[in-house]
Amino acid sequence: MSSDPAPASSTSTEQHSETHQGLEIDPKILADIGQLSLRARIVADSALAGMHRSKNHGSSVEFAEHKEYSPGDELRHLDWRAYARFDRYFIKRFEDESSLRVLLVLDCSGTMNYPAQTDERLTKLEFAKTIAGAFAFVLARQGDATGLALFSDRLNVSVPARARRGHLQELLNALSSVQASGPTHMGAALDSLSRGLAKRTTIILCTDLLDGGLEALPRLARLRARNHDVILFHVLDPDELEFPFEEGTLFNSLENEDHIRVDGREIRSAYLEEIARFRGQAETASRRARVEYHLARTDQAPGPLIARVLAHRARNRSISR
Amino acid sequence: MTFAQPWMLLGLLGGLIPIIIHLIHRFRPRTQPFPAMELLLRSVKRVERRWRIRRFILLSLRVLILSAFALAAAKPLIGTAPMPTTANAIGPERVAIVIDASLSMRAQYRERSAFSRAIDAAQTVVDELKTTDQALIVVAGNPPQLPLAQPTGDRGRLHGILSRLQPHWRPSLLSDAVSAATEALGRTPEGSHDDSLPAFTYRVVVLSDFSKNTIDGPANFRVSGSEATATLQLVNVLRDIDPNQRENYGIVNAASEVVPSGVSRMVALHTRVRNYGEHTNASKAHQRSLELRTSQEISHRINLDIVPGTMTESSLRHTFSTTGTQFCILALEPDRLQEDNTYYIRVNVRKYVRSLIVDGDPSGIEKEDEVFYLERAHSAGSPDQPTPRIISADDLSRADLHQFDVVVLAGVPFLSKENFDRLVRFVQEGGGLWITLSEGFDARSYKTGLQDLLPGKFGEMRFARENEVYRFIRPQLNHPVLKLFEGEPLSGLLTTKTRAYVPFVSQANNKQQILLRFRDRSPALLLHEVPSGRVALLTTSIDRDLTDLAIRPSFVPLVRQTILWLGKALTEPEKHRTYVGDTYKVKVPAETTKLQVRAPSGRVTTFRHSELAHDHVLFSATDEPGFYEVHAQVDQAIVDIPSSGFAVNVDPSESDLRPTPLEDAYAILRGERSPQSRQASHGSIQGQSFGSFGQDQLTRILLILMGLAFLLESGLTASRIGR
């Protein structure tokens, strides 16, 4: 939890309705930043950039500090006792009340390890980790309990959700060490997740939905049924969306021994139809499961994406307050 | 199938390039890890079959494009393979050897004529006949000649015939020769019986230079009396000669023209020389001399710049020393074909007409005297004719008429019988007589005196009523005398006002021509030809007593033309060209009992009296170029008639020695292509002989195929990339 109150927003029921576009940072620049914590913080800052400081500091009863009155401050938080003692107006500010639990769930199957590490853009996993880290920063500033879960063929809860000091660093360390490998069994992972979550939790799921992910989406409905909130980041690389391959190419699977030799030009149109259908199905399934769906292209800046999510959530009075 | 340039077939290896590229891509593909394999596999499964077919088509098209290009470059020939001159049939064979004997075969290449090369090739064919084979020889001329009526196996006889053959001077009908050869192949040799004959195969070997106009149409290949057809073998006897070395030039036409404003006896000779080479931007003019030879001596020489593929026109003027018909030779410097560098031309040099004017009514007042007008008309313009001599009618009996060509009786009303007799003799010996009338004209004495010269009947002079005049009508403008009046000048003639004339009823025969008439159809100007001489009759006066003709603008040319005609000096330049082999219409002088035409070689063709019923005979033995003299027998005396002589030249169509591609020749003979559709010779085919399918045709098909394949390939590739 940050001690810097200035950019932080306290719990509020009257969040500004204006949306924040966030600061767009070139993904190539992000890719050059090796340290996840720094990258996540930059993204978090870019996402929160432009957000106005809240005029209302919420209704928490835990006093935090005094602030000298300035025009516009709400008079009901005026500390009359302090006025009596110092003959100056002070406004009472309260600690934010953390009632939110957030679990960052990352797909770390083999398909997320694309493109190769040597490429100039982030892998899908790195991109997902950046999103997760940025959310971790934002949530830590708000004092929300944030945890981390990873899955490939099974679920592995890496960091339980907590809101204590120093938890952010623990979470970021765990994120940094995540490696993509193995097959995907997203259905089983979601089942495990569903069983393991006792309290109401907001789940931020970053996955490419490949290799069975699409079929697992209906299981998110179970999480919703248990009153959990789910935000789905569908992480895809531009190569997957645009298929820029020209010549005869031997395509190898990242999760198994599958391979196929095709001419990129010949197959492109059919593939593009296939990926469009895939995306459509993912969006439809998400909507049916009442899951908030976001396409996350690894060649686009994550800041504005997160800002949009935060703004959307602010309207729904969760995560960002 | 054979190929003109077989080494180009190495290009077929290029057809392997697309396959090699395909295999390289197949065995050494770029490796790419890809996450969405499930989607990719699904896509591939959906379109794989379609794309496999398309890939196969694309690969095939690319191989086809490269292979078609290589095949086209190799210039394929489909059909029978190039055949050697030797027979290669398994069984007994009958061979017809067709030898092109046209003029173009006289052309010299490396000091040997194409014809001698053809004879050598024919000797080789005969030498290599098998003992069971038979052969015959056909000389392609017009018409084709068969020295042997049937095939023979006697090689000695065949060799003997070949050694005696000579080329012609005219084009040959090769298709007729091939048809005649095929027809003759089916004939049974003397002393043989059909049932003893083995089964022959038939072959026609054509030995020719295949110059540009050699092949004229399709030939018949069905052997007479048999269901078999003969195979055709074309042998270009100039196969070792570079087509570019077959450039030739020749005189295609020449014409003479009297120079009206020139000095006397000057004639312009216009010559057209054509160079039958290929015209390119790099073509350079060859300077060659053109000579005019008269009486076996060089009279004139000019230089011409002859550019390949173009026509060069030149004109030279020469003043002849004598008048009348002259035979001249225009000769170019020799080249491959010397025969077309010589052009024989008959030139009519206007002769002097010495005229005697007999003044019938001398007058002290010039303008009342007919002679005044005649003399002025005669001397007007260029003085290319001698001044006429003028005498009175009384002096006629003392005049030596042999010194004159034309006598003009200008308004002489009466002559003695002796004078009439002298005039009749004068005309019968070739002189000209012009009779003009006057008041007081004695019709009876003229009728009696000139009965032999002017058969007909004079009437009484007819006078026009007051305020009326007679006018000339129905002018015969096709006659040389009146030809000048064609067009605008005619009005000057037809507006002549005549007050009186003497009607003359002609005893019409084809020797009389009425050039002008009066309204009642009476002749105004009548011309009459007797065997050697000529007579003209003007039925009115020259002076202004009876007509105003003398002050009309038409008067001067009418008088000059009439006197020139009477003096036989108004001969038209020869316009009709006669080529070797053409039929010439020889003019027969009147009263001719025998006519002889002497060819340049000295051969004489005689026409007897029974063949001379008309004024001309048809002479078709124009077998050689040169001058043909005409001699006529009149009254037992044989006289040379230079004006009937004529010149014969070679057909310029034979001058184009550029080769016809053998495939074109083959296609034309086979009736697969018309002679008009033959393409410009490129000289690329120098093959010895040629089979059945046109090289150009096949190459064109291959190129079209390549183009279509290319378009299809482009379409498929574009659709693959574009989608």
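Residues numbered from 1 in each chain as written. Chains lettered and ligands numbered in written order. Predicted model: local features only at pLDDT ≥ 70, side-chain atom pairs only at ≥ 80, totals over all residues.

Check the secondary structure of chain B and you find twelve helices and 34 strands. With 723 residues in all, chain B has 41% of them scored as buried. Of all intrachain contacts in chain B linking residues separated by at least 6 positions in sequence, the fraction that spans at least 24 positions is 76%. (Helix = DSSP H or I, 4+ residues; strand = E, 2+ residues; numbered from the N terminus. Buried ≥ 20, exposed ≤ 12 C-beta atoms within 10 Å, placed from the backbone. Contact = placed C-beta atoms within 7 Å.)

Of the regular secondary structure elements, chain A holds eleven helices and ten strands. Looking at chain A residue by residue over its 321 residues, the buried ones come to 44%. Intrachain contacts of chain A at a sequence separation of at least 6 include 78% that bridge at least 24 residues.

Tallying the contact residues gives 24 residues for chain B and 29 residues for chain A. Listed by contribution, the elements that provide at least two residues to the side of chain B that touches chain A are α1 (16–27), β2 (30–34), α2 (37–73) and α12 (695–722) of chain B. The element contributing the most residues to the side of chain B that touches chain A is α2(B), with eleven residues. The residue makeup of the side of chain B that touches chain A, split by class, is 13 nonpolar, four polar and seven charged. Here strand β8 (residues 248–253) of chain A runs beside β2(B); their pairing, made up of five bridges, is parallel. Bridge pairing in β2(B) places Phe251(A) opposite Gln32(B). (Nonpolar A, V, L, I, M, F, W, Y, C, P; charged D, E, K, R; others polar. Pairing = 2+ DSSP bridges.)

It is worth spelling out the sheet that holds strand β9 (residues 259–263) of chain A at this point. Within a beta sheet, neighbouring strands are joined by backbone hydrogen bonds and run either parallel or antiparallel to one another. Spatial strand order, β9(A)-β8(A)-β2(B): three strands in an open sheet with mixed pairing. On the outer flanks of this sheet lie β9 of chain A together with β2 of chain B, each paired with one strand and no other. On average, each strand axis in the sheet is tilted by 30° relative to the strand beside it, whichever way the strands run. Along the sheet, helix α10 (residues 264–288) of chain A makes contact with β8 and β9 of chain A, crossing β9(A) at roughly 105°. (Axes fitted to C-alpha atoms, helices over the stretch in contact; angles between N-to-C directions.)

For the rest of this paragraph, the subject is the sheet that holds strand β10 (residues 249–258) of chain B. All names here are of chain B. Ordered in space as β10-β11-β14, the three strands form an open sheet in which the pairing is antiparallel. Across the chains shown, the open sheet's two edge strands, defined by having one partner strand only, are β10 and β14 (311–319). Averaged over all pairs of adjacent strands, the angle between strand axes in this sheet comes to 20°, irrespective of strand direction.

Let us look at the confidence of the model for chain A. Residue and element names in this part refer to chain A. Averaged over all residues, the pLDDT of chain A is 78; the fraction at 70 or higher stands at 77%. Overall, residues 1–20 carries pLDDT values under 50, and its contacts beyond four positions in sequence, including any with other chains, amount to 44 contacts. Contacts from residues 52–60, a stretch scored under 50 in pLDDT, to residues over four places away or in other chains number 24 contacts. (pLDDT = per-residue confidence, 0-100.)

Right, let's talk about the nonpolar core for a bit. Ranked by internal contacts, the top residues of the largest apolar core, which has 95 residues, are Ile97(B), Val98(B), Val138(B) and Leu207(B). If one sorts the elements of this core by residue count, helix α3 (residues 114–127) of chain B sits on top with eight residues. The contact partners of Val98(B), leaving out residues within four places of it in the chain, are Val138(B), Ala140(B), Ala177(B), Val178(B), Ala181(B), Val204(B), Val205(B), Val206(B) and Leu207(B). In terms of nonpolar packing, the next biggest core, distinct from the first, is built from 82 residues, Leu104(A), Val105(A), Leu205(A) and Val230(A) among them. (Core = buried A, V, L, I, M, F, W, Y, C linked by C-beta atoms within 7 Å.)

Its 14 residues give α3(B) an end-to-end C-alpha distance of 20 Å, which sits within 8% of 20 Å, the value for a rise of 1.5 Å per residue. All of the buried residues in α3(B) are Ala114(B), Phe115(B), Arg117(B), Ala118(B), Ile119(B), Ala121(B), Ala122(B), Val125(B) and Val126(B). (Expected span 1.5 Å × (residues − 1).)

This part takes up unusual backbone geometry. Cis peptide bonds are those with omega within 30 degrees of zero, and the linkage from Tyr114(A) to Pro115(A) qualifies with -5°. Among the structural elements, Pro115(A) can be located in the loop between β3 (101–107) and α4 (124–142). Look at the link from Asn142(B) to Pro143(B): it is a cis peptide, with omega at 5°. Looking at the element boundaries, Pro143(B) is found in the loop between β7 (134–140) and α4 (155–164). A positive phi angle, near 50°, is found at Arg110(B), a position not held by glycine. Secondary-structure assignment places Arg110(B) in the loop between β5 (108–109) and β6 (112–113).

This paragraph deals with the environment of Pro531(B). Residue and element names in this part refer to chain B. Here Pro531 shows up in the loop between β26 (523–529) and β27 (534–538). As for Pro531 and Gly430, which are separated by 101 residues in sequence, their C-alpha atoms are 7.9 Å apart. Apart from residues lying up to four places away in sequence, Pro531 is in contact with Gln428, Pro589, Ala590, Glu591 and Val634.

This part covers helix α6 (residues 186–196) of chain A. Residue and element names in this part refer to chain A. For α6, the full list of buried residues reads Met186, Ala189, Leu190 and Leu193. In a view along the axis of α6, the buried residues occupy a sector of 95°, so they form one face of it. In this structure, the buried side of α6 is in contact with β3, β4 (145–151), β5 (155–162), β6 (202–207), α7 (213–216) and α8 (220–225). (Arc of directions from axis to C-beta.)

Let us look at the environment of Asp239(A). Residues and elements named next belong to chain A. As for its position among the elements, Asp239 is in helix α9 (residues 238–242). Its 19 C-beta neighbours within 10 Å are what place Asp239 among the partly exposed residues. Spatially, the C-alpha atom of Asp239 lies 9.9 Å from that of Arg297, the residues being 58 residues apart in sequence. The residues contacting Asp239, other than those within four sequence positions of it, are Pro115 and Pro244.

Right, let's get into the environment of Gly533(B). Residue and element names in this part refer to chain B. Along the polypeptide, Gly533 turns up in the loop between β26 and β27. Sequence-wise, Gly533 and Glu429 are 104 residues apart; in three dimensions their C-alpha atoms are separated by 6.4 Å. In this structure Gly533 touches Val427, Gln428, Glu429, Gly430, Gly431 and Gly432, once residues within four positions along its chain are discounted.

This next bit is on the packing of α10(A) against α2(B). Two numbers describe how α10(A) lies on α2(B): the axes approach to 9 Å, and their chain directions differ by 140°. As the angle between them shows, α10(A) and α2(B) are arranged oblique. For the pair α10(A) and α2(B), the sense of crossing is right-handed. Counted together, Glu266(A), Ile267(A), Ala270(A), Tyr271(A), Glu274(A), Ile275(A) and Phe278(A) of α10(A) and Leu39(B), Leu40(B), Arg42(B), Ser43(B), Val44(B), Arg46(B), Val47(B) and Trp51(B) of α2(B) form the full contact between these two elements. Looking at the contact of α10(A) with α2(B) residue by residue, the class counts come to ten nonpolar, one polar and four charged. (Parallel < 35°, antiparallel > 145°, perpendicular 65-115°, else oblique. Left-handed = near helix turned anticlockwise from the far one by under 90°.)

Here we come to the packing of α3(B) against α4(B). Pairs of packed helices are described in terms of their axes, by the angle between the two and the distance that separates them. All names here are of chain B. Contact pair α3 / α4: the axes reach a minimum separation of 10 Å and the direction vectors enclose 175°. Relative to α4, the element α3 is oriented roughly antiparallel. Only Arg155, Leu158, His159 and Leu162 of α4 make contact with α3, whose side of the interface consists of Ile119, Ala122, Gln123 and Val126. Across the contact of α3 with α4, the residue classes break down as five nonpolar, two polar and one charged.

Residue and element names in this part refer to chain B. Where burial is concerned, most of strand β9 (residues 231–236) is hidden: five out of the six residues are buried. With six bridges connecting them, strand β8 (residues 201–208) and β9 associate as parallel partners. Paired with Ser208 across the two strands is Asn236, which belongs to β9.

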